[in-house]
Amino acid sequence: MIADPVARAEHLGRARATLFYLLACAFVTSTVMGVHGPETPVRLGTWLVLASLVAINLTPVAGRFQPAAVTRLLNDETTRFHRGTSLAAGSWVSTLAGLVIAAGGLALDASEAARLIVMAGLSASLVCFATLELRAANG
Amino acid sequence: MAERLVNALKDERTRLGLTQADLAERIGVSRKTINTVENGVFVPSTLLALKLAAAIGKPVEQIFWIED
Amino acid sequence: MTTGNADVAERAAWGRARAATVMAMVFVAAQAGSFHDDLPLNRPQALQLSAWIVWSVALLFFLVWGGGLLRGAKMRAVLNDETTLDHRRRAMVVGFWGAIGTAFLVFVASFYEPITAREAVRLVITLSIALALMCFGTLERRALKGEAA
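Sequence order as written defines the numbering, with residues in each chain counted from 1. Chain A is the first chain written and ligand 1 is the first ligand written, with later ones labelled in order. Under the rules for a predicted model, residues below a pLDDT of 70 receive no local features and side-chain atom pairs below 80 are neither given nor counted, while totals for whole chains, interfaces and linings still include all residues.

Q: Explain the interface of chain C and chain B to me, using residue names and the numbers behind them.
A: In this description, a residue-residue contact is defined by the distance between C-beta atoms placed from the backbone, which must lie within 7 Å. Taken together, the 19 residues of chain C in the interface contact 19 residues of chain B. Comment: elements are numbered from the N terminus, with helices defined as DSSP H or I runs of at least four residues and strands as E runs of at least two. Put simply, the parts of the chain that give the side of chain C that touches chain B at least two residues each are α1 (4-32), α3 (73-79), α4 (82-109) and α5 (117-144) of chain C. Split by residue class, the side of chain C that touches chain B holds nine nonpolar, five polar and five charged. Residues are grouped as follows: Ala, Val, Leu, Ile, Met, Phe, Trp, Tyr, Cys and Pro are nonpolar; Asp, Glu, Lys and Arg are charged; every other residue, Gly included, is polar.

What follows is the structure, encoded as structure tokens:
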């Protein structure tokens, strides 16, 4: 039995926000370093796995490895609202990235362009979500 | 334990002889907002719930309540 | 009995919902025949690309601000009330996952099919915007169906 689900959820919520900032940095670094770099199967496979993990973390699925009471608190009304808002923000950023790539005539191939769009959208969502959650927790 | 918000908005509205559009116009929202709140598709904000209750003329807890 | 303003708002909401759905389909259909481009772009393709960019921006503008821009503050407030804002957010979320999913598919497909960066971007962004518009239109139409005035 969890001693205090509220305290545990608070702690995990903050940890999740910090993790999201780090994940966003790691994901951006990994993607940018991969552009114009050697496209080996290992490198590309690693990127795909990392991107998938980031995407999963932006869904409610990620918090389900805790007891039910804690999971409910980690995915409460405010968090669901924050998630929706941050995904909408990610949508804007990925669309903008796409339009810039299309209009800019950058020397990229399709794989690089796709990776940059995914990076822009997922990273923006992670940062937005983490910021909203920390702001709400610190208030 | 799945909680859900239930409401008596439609009953109260029809008791007053108002259409969805009449009630919508009273509180400054679209008819579809009244429609989706009545059929439980949309959970109104506290602000909207209070406005609806005020327009109906009853306390908000007599219009909206939680059902387990 | 509804007043004139309620009727206007109702008609405008229906118009917006149907327009969103139709525009999504037209947008996708219009791109279907012109995804392929040569490198470097020839003049007609450059014009097509410019038109696509303008069209994309216009559709995004419609998705965010479509609803009584020219009708006055009160009508705008009614046409952009809580449910509409909620529908918009949900539509953008659908557009987000559409973009990410399509980008993943394009990433994988690019190793088997010759796709240029521009083709990839147009595919991802077109589907993202179209899905968002379809979702918005569907949510709005569903909400509008029901007891009419």
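Q: Any chance you could break down the arrangement of the chains for me, citing the residues and the numbers?
A: Among two pairs of chains with at least one contact, chains A and C form the most extensive contact set. One thing to see here is that chain A and chain B don't touch, and their nearest C-alpha atoms sit 11 Å from each other.

Q: Talk me through the environment of V6 of chain B; I want residue IDs and the actual numbers.
A: All names here are of chain B. You can see V6 is positioned in strand β1 (residues 4-7). Burial is judged by counting the other C-beta atoms within 10 Å of a residue's own C-beta: 20 or more makes it buried, 12 or fewer makes it exposed, and any count in between marks it as partly exposed, with every C-beta position built from the backbone. On the neighbour-count criterion, V6 (12 C-beta atoms within 10 Å) is exposed. C-alpha of V6 to C-alpha of I63: the two residues are 57 residues apart in sequence and 8.3 Å apart in space. Those residues in contact with V6 that sit more than four places away from it in its chain are G40, W65 and E67.

Q: An account of the nonpolar core is needed here, citing residue identities and associated values.
A: The nonpolar core is taken to be a set of buried Ala, Val, Leu, Ile, Met, Phe, Trp, Tyr and Cys residues joined by way of C-beta atoms within 7 Å. If you look at the biggest cluster of nonpolar residues, it comprises 87 residues, and the most contacted ones within it are I117 of chain A together with V124 and L133 of chain C. Here the element with the most residues in this core is α5 of chain C; it accounts for 18 residues.

Q: So what's going on with the environment of S111 of chain A? Residues and values would help.
A: For S111 of chain A, the location among the structural elements is in helix α5 (residues 110-138). You can call S111 of chain A buried: it has 22 C-beta atoms within 10 Å. Each C-alpha atom, one on S111 of chain A and one on V100 of chain A, is 16 Å from the other, the two residues being eleven residues apart in sequence. Ignoring sequence-local partners within four residues, the contact set of S111 of chain A consists of E39 of chain A together with F107 and S110 of chain C.

Q: Lay out helix α4 (residues 46-56) of chain B in plain terms, naming residues and giving numbers.
A: Residues and elements named next belong to chain B. Looking only at α4, the buried set comprises L52, A55 and I56. Along the axis of α4, the buried positions cluster into a sector of 95°, meaning they face one direction only. In α4, those exposed residues whose orientation departs by more than 90 degrees from the buried face are T46 and L47. Buried positions along α4 lie against α1 (9-15), α2 (20-27) and α5 (60-63). Residue G57 follows α4 closely and has a positive phi angle near 85°. Each C-beta atom gives one direction from the helix axis, and the arc is the one those directions make.

Q: Which residues make up the packing of helix α4 (residues 77-104) of chain A against α5 of chain C, and what are the values?
A: Following both chains from N to C, one finds α4 of chain A and α5 of chain C inclined at 150°, their axes separated by 9 Å at the closest point. Comparing the axis directions of α4 of chain A and α5 of chain C gives the class roughly antiparallel. Pair α4 of chain A / α5 of chain C crosses with left-handed handedness. Here S91, T95, G98, L99, I101 and A102 of chain A of α4 of chain A lie close against α5 of chain C, whose contacting residues are A117, R118, V121, R122, V124, I125 and S128 of chain C. Of the residues belonging to the contact of α4 of chain A with α5 of chain C, the class tally is seven nonpolar, four polar and two charged. Axis definition: a line fitted to C-alpha atoms, limited for helices to the stretch in contact. Angles are taken between N-to-C directions and run from 0 to 180 degrees. Any angle from 65 to 115 degrees is called roughly perpendicular, while one under 35 is roughly parallel, one over 145 is roughly antiparallel, and all others are oblique. In this scheme, a crossing is called left-handed if the near helix is turned counterclockwise away from the far one by less than a right angle; it is called right-handed if the turn is clockwise.

Q: How would you summarise the interface of chain C and chain A if you had to cite specific residues and measurements?
A: Of the residues lining the interface, 27 residues belong to chain C; the matching set on chain A comes to 26 residues. Looking at the side of chain C that touches chain A, the elements with two or more residues in it are α2 (43-65), α4 and α5 of chain C. Examining the composition of the side of chain C that touches chain A, we find that eleven residues originate from one element, α4 of chain C, more than from any other.

Q: Explain the environment of H11 of chain A to me, and be specific about the residues and the numbers.
A: Looking at the secondary structure, you find H11 of chain A in helix α1 (residues 5-34). Sequence separation of H11 of chain A and A137 of chain A is 126 residues, and the distance between their C-alpha atoms is 9.8 Å.

Q: Which residues make up α4 of chain A, and what are the values?
A: To estimate the expected span of a helix, count its residues, drop one, and scale the result by 1.5 Å. In this model, α4 of chain A (28 residues) spans 40 Å end to end at C-alpha, consistent with the 40 Å of a helix rising 1.5 Å per residue. One or two positions beyond α4 of chain A, positive phi appears at G105 of chain A, with a value near 60°.

Q: Give a detailed account of the packing of α1 of chain A against α5 of chain A, specifying residues and quantitative values.
A: Residue and element names in this part refer to chain A. One can describe the packing of α1 onto α5 by two numbers: an axis separation of 9 Å at closest approach and a directional angle of 160°. The angle between α1 and α5 falls in the class roughly antiparallel. In this structure, α1 crosses over α5, and the sense of that crossing is left-handed. Taking contact as the criterion, the partners of E10, G13, R14, A17, F20, Y21, L23, A24, F27, V28, T31 and G34 in α1 are, on α5, R115, L116, M119, L122, S123, L126, V127, F129, A130, E133, L134 and A137. Tallied by class, the residues present in the contact of α1 with α5 amount to 16 nonpolar, four polar and four charged.

By themselves these figures say nothing about function.
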